[in-house]
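# Structure at a glance
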Amino acid sequence: MTFEEYAFARTSALVRLARLLTGDEHRAEDLVQDVLAKAYARWGRISRTDRPDAYVRRMLVNAHHSWWRQRSSREISVAAVIDRASATDEAAGIAERDALWRLVCDLPTRQRTVIVLRYYEDLDDTMIAEILDCSTGTVRTHARRALTALRKRQEAPAPARTGGF
């Protein structure tokens with residue numbers, strides 16, 4: 001398979017993975033573009049591996065972790081965002097998924113990565129361990145801790161809003 005064929009077939013899946021890892025569509029597209037540029041330069045070696053897709057996914061996860069470590073690239077958080085009411089009412093399922101996704105975004109990077117690879121990319125523990133360069137036990141530990149944290153946060157009562165809109 002040529003690089004062009006691979007990029008054409010897998011770019012949308014890689015952008016989806018990156019968007020789930022970063023939580024930002026634009027950052028995800030930039031991340032995939034950077035990773036594909038690096039993969040293009042090494043494609044001769046990557047294409048000879050047993051699973052080039054796993055290799056590129058690992059490159060993507062590593063690039064995300066490298067970006068996250070750089071203090072200069074961190075976004076500045078704001079105390080509150082004022083949401084404006086829309087003309088249409090959103091479905092309860094969408095609101096629930098959004099609330100759950102916000103909880104996932106609050107997880108530590110490695111735990112969020114394991115959750116994304118397991119439940120959004122539908123990968124098994126062995127493949128996740130290969131991508132993250134760790135043991136399957138470590139993957140299971142991160143998943144268990146992440147799910148425990150999500151359950152606790154989901155069960156916790158929402159903080160009371162005071163003032164504002």
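For the structure, check the block above.
Notes on the structure follow. (Residues numbered from 1 in each chain as written. Predicted model: local features only at pLDDT ≥ 70, side-chain atom pairs only at ≥ 80, totals over all residues. Heavy atoms only, no water.)

A general tendency of soluble globular proteins is for nonpolar side chains to be buried together. Of all hydrophobic cores here, the largest spans 42 residues; its most connected members are Leu 14, Val 32, Val 56, Leu 60, Leu 107, Leu 117 and Ile 128. When residues of this core are traced back to their parent elements, those giving at least two are helix H1 (3–22), helix H2 (25–41), helix H3 (43–46), helix H4 (52–69), helix H5 (92–105), helix H6 (109–120), helix H7 (125–132) and helix H8 (136–155). No other element matches H1, which puts nine residues into this core. In contact with Ile 128, not counting residues within four places along its chain, are Val 114, Leu 117, Arg 118, Leu 123 and Val 139. (Core = buried A, V, L, I, M, F, W, Y, C linked by side-chain atoms within 4.5 Å. Buried < 20%, exposed > 50% of the residue type's maximum accessible area, 1.4 Å probe, protein only. Helix = DSSP H or I, 4+ residues; strand = E, 2+ residues; numbered from the N terminus. Contact = heavy atoms within 4.5 Å.)

Mapping Pro 108 onto the fold places it in the loop between H5 and H6. Placed 34 residues apart in sequence, Pro 108 and His 142 show a C-alpha to C-alpha distance of 9.5 Å.

Two side chains with opposite charge may pair up if their charged atoms get near one another. Overall, the coordinates contain nine salt bridges when judged by the stated rule. Between Arg 118 and Asp 125 there is a salt bridge, with the nearest N and O atoms lying 2.5 Å from each other. For Arg 118, a relative accessible area of 18% gives the class buried. Through salt bridges with shared partners, one network takes in Arg 10, Arg 16, Asp 53, Arg 57 and Glu 121. (Salt bridge = Lys/Arg side-chain N within 4 Å of Asp/Glu carboxyl O.)

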